[in-house]
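Here is what each chain is made of, one letter per residue.
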Amino acid sequence: MARRTTWRALALLPALVLTAAGCAQSIAPTGADGELRFVEPGKLTTCTQLPYPPFQFEEGGKTVGFDVELVDLVARDLGLEQTFFDSPFEGIQSGEVLNTRKCDLSAAAITITDTRKQNMDFSDPYFDAKQALLVNSKNPYPDMAALRGKKLGVHLGTTGEEYAEQHKAEHGYEIVQYEDLGLLQNAVQSGKVDAGINDNGVMLDFAKKNPDTEVTAEYSTGEVYGIAVQRGNAQLVQKIDDSLRKARESGEYDRIYEKWFGKGPNQP
C-alpha cells in the first residue's frame, strides 16, 4: 500500500485507537435469551456513507436508493422502521461501526472481501459490480494504461483504491485519495484529477447525469456486494438472507433494481 500523506495518517490515529477499543469492548447483538437486540427499540439502524447514488443518497429530505429499499424489506419483515447512521467508509469496511453498536447492520455497496470477512459477517450477495474509469469528456482517456504521468482519483478505503494500487506500477499514474465519492467525482469533473476509479454503478449513474463526464472503461473484478453485520450475529444474517430471497422470488428485487438502474438485473 502506498504511504499516506502525513496529515492524513495523524488524523486517523484517534480513530484507530477508538476502533481498537471498540473491537475489544464489542457489545453482543443478542440478549441472554438469544433474542435479537437493536440499537434503538423499534428501529433497524443502518450504517452507510452518503452520498453514494444510486445506492444511497439524500433526496427531498429523505435517504433513498437501491440499498435503502432492499434494507426497507428487511426492516418490514422484522416489524421495524429503518433509520440511518452516516459514517466514513473506513469505519464501515473495518467493522468499527458494528462493533461499537452505532448500527445494527451496514449497507453501503460493500464489496465482500476476505479481509472484510475477518471484521464482519455478510449476507448472501445481492449485487454484482465492476470497477469503472470516469474521465472528463474534454480528455477521454480510454483506459488506465493511458494515464501514465497523470492523476487518478480514488475513494479512500474502497476496492477501487485497492485496484488502483495494484496497477500503479504497471501504468505509472499518481493516486489522489478522496474521503467520499462526491469529492472524487467532482475532482474528475473539474479537472483536479485526470480520471477517477470506483464501482461501475455509481460512475455510470454520475456520467448519465453529467454529460461533461463519461465512463471509458470497465474492469471485471468479480466483486459482489453484501449487507454486513457484527461477527457472530448469525440470526440477523439469516433474517436478511430470508428477506432477500423472498424479494427475488416475488419479483420485488427486480422491480427495485429496474427502478434505480433503468434495466433488469439480467439485462446487458
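Our structure is the block above this text.
Conventions we followed
- Residues numbered from 1 in each chain as written.
- Predicted model: local features only at pLDDT ≥ 70, side-chain atom pairs only at ≥ 80, totals over all residues.
- Heavy atoms only, no water.
- Disulfide = S-S within 2.5 Å.
- Helix = DSSP H or I, 4+ residues; strand = E, 2+ residues; numbered from the N terminus.
- Buried < 20%, exposed > 50% of the residue type's maximum accessible area, 1.4 Å probe, protein only.
- Polar contact = N/O pair within 3.5 Å; in protein donor to acceptor, adjacent residues only side chain to side chain.
- Salt bridge = Lys/Arg side-chain N within 4 Å of Asp/Glu carboxyl O.
- Axes fitted to C-alpha atoms, helices over the stretch in contact; angles between N-to-C directions.
- Parallel < 35°, antiparallel > 145°, perpendicular 65-115°, else oblique.
- Left-handed = near helix turned anticlockwise from the far one by under 90°.
- Contact = heavy atoms within 4.5 Å.
- Nonpolar A, V, L, I, M, F, W, Y, C, P; charged D, E, K, R; others polar.
- Core = buried A, V, L, I, M, F, W, Y, C linked by side-chain atoms within 4.5 Å.

> I tried to follow the state of the cysteines on my own but got confused; where do I start?
One way to say it: the disulfide is the covalent bond shared by the sulfur atoms of two cysteines. Considering all chains together, one arrives at 1 disulfide under this definition. Note on cysteine connectivity: Cys47 is disulfide-linked to Cys103, with sulfurs 2.2 Å apart. In this structure the cystine formed by Cys47 and Cys103 twists about its S-S bond by roughly -110°; its chirality is therefore left-handed. In this pair, Cys47 is assigned in strand S1 (residues 43-48) and Cys103 in the loop between helix H4 (96-99) and strand S5 (105-106), connecting sequence segments 56 residues apart. The two residues Cys47 and Cys103 agree in class, both being buried.

> Explain helix H7 (residues 181-190) here, please?
Each full turn of the α-helix corresponds to 3.6 residues, which orients residues three or four apart in the same direction. If you check which residues of H7 are buried, you get Leu181, Gly182, Leu184, Gln185, Ala187 and Val188. You can read the cap of H7 off the contacts: a side-chain oxygen lies 3.1 Å from the backbone nitrogen of Gly182, and it is on Asp180. Directly beyond the C-terminal end of H7, a positive phi value near 90° is found at Gly191.

> Even after reading the chapter, I still don't get the environment of Leu134, so can you show me in this structure?
With respect to the helices and strands, Leu134 occurs in strand S7 (residues 127-136). Here Leu134 falls in the buried class, since its relative accessible area comes to 0%.

> In this structure, what is going on with the pattern of salt bridges? I would like to understand it.
A pair can form between side chains of opposite charge whenever their charged atoms are brought close. Under the definition given, this model contains 10 salt bridges. The shortest N-O distance in the salt bridge between Lys43 and Glu81 comes to 3.0 Å. With Lys43 in strand S1 and Glu81 in strand S4 (residues 81-86), the pair connects residues that are 38 residues apart, well separated along the chain. Look at Lys43 and you get partly exposed, because its relative accessible area is 22%. Asp77 is paired through a salt bridge with Lys246; the nearest N and O atoms lie 3.4 Å apart. Of this pair, Asp77 sits in helix H2 (residues 66-78) while Lys246 sits in helix H9 (residues 234-250); the two residues are 169 residues apart in sequence, bridging distant segments of the chain. What makes Lys246 partly exposed here is its relative accessible area of 40%. Taken together, the salt bridges that share partners define one network made up of Arg76, Asp77, Lys246 and Glu252.

> How should the packing of H2 against helix H10 (residues 252-261) be read in this particular structure?
For any two helices packed against each other, the geometry is given by the interaxial angle and the distance between the axes. Two numbers describe how H2 lies on H10: the axes approach to 9 Å, and their chain directions differ by 155°. Comparing their axes, H10 and H2 come out roughly antiparallel. Seen along the crossing, H2 lies across H10 with a hand that is right-handed. Along its contact with H2, which presents Phe66, Glu69, Leu70, Leu73 and Arg76, the element H10 presents Glu252, Tyr253, Arg255, Ile256, Tyr257, Lys259, Trp260 and Phe261. Of the residues assigned to the contact of H2 with H10, the class counts are 8 nonpolar, no polar and 5 charged.

> Help me understand the nonpolar core, please; the structure alone is not making it clear to me.
In a soluble, globular protein the nonpolar side chains are often hidden away together inside. The biggest cluster of nonpolar side chains holds 44 residues, and the ones touching the most others in it are Phe55, Phe66, Leu70, Leu105, Tyr126, Phe127 and Ile240. Mapped onto this core, the elements with two or more residues apiece are H2, S7, strand S9 (174-178), H7, helix H8 (200-209), H9 and H10. Element by element, the count of residues in this core is highest for H2, at 6 residues. Beyond its immediate chain neighbours, meaning those up to four positions away, Phe66 contacts Pro54, Phe55, Tyr126, Phe127, Tyr253, Ile256, Tyr257, Trp260 and Phe261. Of all hydrophobic cores here, the second largest spans 15 residues; its members include Val154, Tyr173, Ala195 and Tyr219.

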